[in-house]
Amino acid sequence: MPVAAYQWSLIWQNKELLGKGLLVALECAGPALVIAILIGLLLALARMARPPLTWAATVYINIFRGVPALVSVIWVYFGWSLLFGINFTVIQAAVIALVLLYSSFLAEIFRSALLAVPRGQREAGLALGMHPLRVFAQVVIPQATRIALPNVGSMLIGMLKDTSTFSVIGLAELTYTVQNIESVTFQPFVLFTALAGVYVAAAFVIDFVFRTIEKSLTTPPRGLVSGALTRRRRRRLESLVERLETAVPVRS
Amino acid sequence: MRTLLRDTPPGRVASRAPAGDAPAPTMSPAPSPPDGESRPSPALRGDVVVQLSGITKSFGTREVLHGVDLTVHRGEHVVIFGPSGSGKSTLLRTINLLEVPDAGSVRILDVEYGPGSASDRRRGGPVELRRLVGMVFQQFNLFPHLTALDNIGLPLRAAMHLGRSEAEERAAAALKRVGLLRWAGHYPAQLSGGQQQRVAIARALSLDPKIMLFDEPTSALDPELVGEVLAVMRSVAQSGMTMVVVTHELNFAREIGDFNVFMDEGLIAESGPRGFLDRCTNPRTRQFIAAVL
């Protein structure tokens, strides 16, 4: 078939379906990322704790880092229904499958990020009389977040791509939509190229969002967003300094 | 050992021994104090603030402290020096339980925090202890994600439960005290090492500790920045703060040290009051002082 016969116009004609498919994929990957971050953090802490916990976390992490997304979603959707009689909707099954897989990857990302925060930071917080939990939340976590963030962005892109296998349970996400269009138009090359294009475009957007967050977390914060967010605070600081500078010296 | 030889009252800073007059160690017998400096003056001695007794600590199979005793009185400035690996930092860190001793007793202001005591097993015990004890680290350990002001403000809010504006006021006052108010909005990465250490000292002081620990506070600094940090420490000493300082700055030690401790291989090899650096008798101590000065 000559190139001219490719109906590239199909992409534009189906833009709404493609958009809807992407939206469904994001509806799975977005919530899954939030839940996977929480569970991943707990897993990372468990793996850094004492033996019984460490073993359990290690086993979990290694199982789910090894399981393909396709298998994971089949287990959740069909397996749980057969074994426990729990029937999930396709969206629920997709989210749970992603959480199972990606919490294990995120656990390792968080573990390395937590270990990358110098020991002295925690010691300084403790030495200042802060409660260990507050030291963790306000000293260690903010620094570990900055270290982990680029990898978390990669995980979200990975999750989005893994939703493509969920057509197997009939989730009407992007790949499923494209397969449907293809089955009536017989234009696989055009449609799957378009499919790749949409995933890549989404990857660029996710990268942009995460880099914006990253910039605002650098010290001093960079970028327009953080500039706007910290402007009020900076003005308050300046007035505080101004007032004290002009005040009578506290000590000679 | 040390109860016999007490000397300079708290807060007094020696006017003698300007920097650089380090005498070469001589083999002459320990001279008698020239100006009565080591005369006991029990009336001027403060209450006991820190009492360590029989502290032992091992890392793995290696015991780094073999049963160390140390008493620090109110307003006293204790200087600990000695070679690397002698256990001086570890000893200092047992005072605020950053290192929990394997055995022995840690008493701060008549409350027991050692490994055998009930208070240590009570959750929150170390947290209470650390609210009485400020610490300054060799590597400053400022929080890199916070401004100088917030570095001081965070513990004020988190440990002393002050409100935001009150914490900021106090943090700003603390920065002013070390001459860094203009840098309040700067992040640690934007400050010199000396400035960072001054912020760290201000941070520890802002919590109104009863005792300040300094763990080689100038060892990570460029030589030209050491002076500004020592100046701040000198003013802290003059304010009457109880201090325990681990340092290699022996001229500074001579200046502020009311009680000097030489540690070697996990034990206090020799210790003495003001003037000790010029009068010590232990050959190992003299050898060390000669090598450092």
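The rules we used
Residues numbered from 1 in each chain as written. Chains lettered and ligands numbered in written order. Predicted model: local features only at pLDDT ≥ 70, side-chain atom pairs only at ≥ 80, totals over all residues. Heavy atoms only, no water. Core = buried A, V, L, I, M, F, W, Y, C linked by side-chain atoms within 4.5 Å. Buried < 20%, exposed > 50% of the residue type's maximum accessible area, 1.4 Å probe, protein only. Helix = DSSP H or I, 4+ residues; strand = E, 2+ residues; numbered from the N terminus. Polar contact = N/O pair within 3.5 Å; in protein donor to acceptor, adjacent residues only side chain to side chain. Contact = heavy atoms within 4.5 Å. Phe/Tyr/Trp six-rings, centres within 6.5 Å; stacked < 30°, edge-to-face > 60°. Lys NZ or Arg CZ within 6 Å of the ring centre and 35° of its normal. Pairing = 2+ DSSP bridges. Axes fitted to C-alpha atoms, helices over the stretch in contact; angles between N-to-C directions. Parallel < 35°, antiparallel > 145°, perpendicular 65-115°, else oblique. Left-handed = near helix turned anticlockwise from the far one by under 90°. Nonpolar A, V, L, I, M, F, W, Y, C, P; charged D, E, K, R; others polar. Right-handed = clockwise from strand over helix to strand, strands pointing away. Buried area = accessible area lost by both parts, 1.4 Å probe. Salt bridge = Lys/Arg side-chain N within 4 Å of Asp/Glu carboxyl O.

1. Here we look at the nonpolar core
For soluble globular proteins, nonpolar side chains are generally found buried alongside one another.
Reasoning step 1: In terms of nonpolar packing, the biggest core is built from 97 residues, with I80, F81, I201, M212, M243 and V244 of chain B touching the most fellow members.
Reasoning step 2: Ranked by the residues each element gives to this core, the list is headed by helix α7 (residues 223-238) of chain B, at eight residues.
Reasoning step 3: A93, M155, M159 and L174 of chain A belong to the second largest nonpolar core, which has 52 residues in total.

2. Looking at the side chain of E99 of chain B
Reasoning step 1: Turning to its location among the elements, E99 of chain B is positioned in the loop between α1 (88-95) and β4 (103-108).
Reasoning step 2: Here R93 of chain B takes part through its side chain, which lies 3.0 Å from a polar atom of the side chain of E99 of chain B.
Reasoning step 3: Residues contacting E99 of chain B, with those up to four places away along its chain left out, are R119 of chain A together with K57, F59, T90, R93 and T94 of chain B.

3. Thoughts on the packing of aromatic side chains
Reasoning step 1: By the definition in use, this model includes ten aromatic pairs over all chains.
Reasoning step 2: Plain terms: the ring middles of W8 of chain A and F189 of chain A are 6.0 Å apart, the flat faces sit at 80° to each other, and that makes the pair edge-to-face. On the criterion of sequence distance, the pair formed by W8 of chain A in the segment before α1 (9-13) and F189 of chain A in helix α9 (residues 188-217) is long-range, its members being 181 residues apart.
Reasoning step 3: Of the residues examined, W8 of chain A reaches a relative accessible area of 38% and is grouped as partly exposed.
Reasoning step 4: Grouped by ring-pair contacts, the aromatic residues F81, F262, F276 and F288 of chain B constitute a single cluster.
Reasoning step 5: R203 of chain B extends its terminal NZ or CZ atom over the ring of F143 of chain B, reaching a point 4.5 Å from the ring centre.

4. Quick notes on the sheet that holds strand β9 (residues 259-264) of chain B
Through backbone hydrogen bonds, the strands of a sheet pair up, either in parallel or in antiparallel fashion.
Residues and elements named next belong to chain B.
Reasoning step 1: Read from one edge to the other, the open sheet built from six strands follows the order β6-β7-β8-β3-β9-β10, with strand pairing classed as mixed. Because the sheet does not close on itself, it has two edges, and the strands there are β6 (133-136) and β10 (267-273). In this sheet, adjacent strand axes meet at a mean angle of 15° when their direction is disregarded.
Reasoning step 2: Here four bridges tie strand β3 (residues 77-81) to β9, and the two strands are oriented parallel to one another. Bridged to I80 within β9 is V261.

5. Overview of the sheet that holds strand β5 (residues 111-112) of chain B
Residues and elements named next belong to chain B.
Reasoning step 1: Overall, antiparallel pairing links the four strands, which are arranged β2-β1-β4-β5 in an open sheet. Single-partner strands in this sheet number two, and they are β2 (62-73) and β5.
Reasoning step 2: Two elements, strand β1 (residues 48-59) and β2, share nine bridges in a ladder whose sense is antiparallel. When the bridges of β2 are listed, S58 appears paired with E63.
Reasoning step 3: Packed on one face of the sheet, α1 meets β1, β2 and β4 and runs near 125° to β1.

6. Here's the deal with unusual backbone geometry
Residues and elements named next belong to chain B.
Reasoning step 1: Positive phi values are uncommon outside glycine, yet H161 reaches one of about 55°.
Reasoning step 2: Residue H161 is classed as exposed on the basis of its relative accessible area of 56%.
Reasoning step 3: Here E216, not a glycine, exhibits a phi torsion of approximately 45°, which is positive.
Reasoning step 4: Position of E216 relative to the elements: it lies in the loop between β7 (211-215) and α7.
Reasoning step 5: Here E216 falls in the buried class, since its relative accessible area comes to 11%.

7. A look at the packing of helix α7 (residues 132-162) of chain A against α9 of chain A
Residues and elements named next belong to chain A.
Reasoning step 1: Interaxial distance between α7 and α9 falls to 10 Å at its minimum, and their mutual angle equals 165°. Of the possible angle classes, the one that applies to α7 and α9 is roughly antiparallel. Crossing geometry of α7 relative to α9 is assigned as right-handed. Contacts between α7 and α9 pair T145, R146, L149, P150, V152, G153, L156, I157, L160 and K161 from the former with Y199, A202, A203, I206, F210, I213, E214 and L217 from the latter.
Reasoning step 2: For the contact of α7 with α9, the residue count by class is 13 nonpolar, two polar and three charged.

8. A look at the side chain of R198 of chain B
Reasoning step 1: Note on placement: R198 of chain B falls in helix α6 (residues 193-205).
Reasoning step 2: Excluding anything up to four places from it in sequence, R198 of chain B contacts V178, G179, L180, E228, V229 and V232 of chain B.

9. Topic: the pairing of β7 of chain B
Residue and element names in this part refer to chain B.
Reasoning step 1: For β7, the tally of buried residues reaches five of five residues, placing the bulk of the element in the interior.
Reasoning step 2: Alternating positions in β7 separate into two faces, I211, L213 and D215 on one and M212 and F214 on the other, with burial throughout.
Reasoning step 3: In the sheet, β6 pairs with β7 via four bridges, with the strands oriented parallel. Among the inter-strand pairings, G134 is bridged to a residue of β7, identified as M212.
Reasoning step 4: In terms of handedness, the path from β7 via α7 over to strand β8 (residues 242-246) forms a crossover that is right-handed.

10. A look at the interface of chain A and chain B
Interface size is commonly expressed as the accessible surface area that is lost when the partners come together.
Reasoning step 1: The interface is formed by 35 residues belonging to chain A together with 40 residues belonging to chain B.
Reasoning step 2: Interface of chain A and chain B: buried area, both sides summed, is about 3300 Å²; carbon and sulfur atoms make up 59% of it.
Reasoning step 3: In this assembly, chain A and chain B are joined by three salt bridges.
Reasoning step 4: R93 of chain B is the salt-bridge partner of E123 of chain A, the closest N and O atoms lying 2.7 Å from each other.
Reasoning step 5: Taken together, chain A and chain B are joined by seven residue pairs in polar contact (both at pLDDT 80 or more).
Reasoning step 6: Of all the secondary structure elements, the ones that give two or more residues to the side of chain A that touches chain B are α6 (119-127), α7 and α10 (224-246) of chain A.
Reasoning step 7: Per-element accounting of the side of chain A that touches chain B gives the leading share, nine residues, to α10 of chain A.
Reasoning step 8: In terms of residue class, the side of chain A that touches chain B is made up of 17 nonpolar, eight polar and ten charged.

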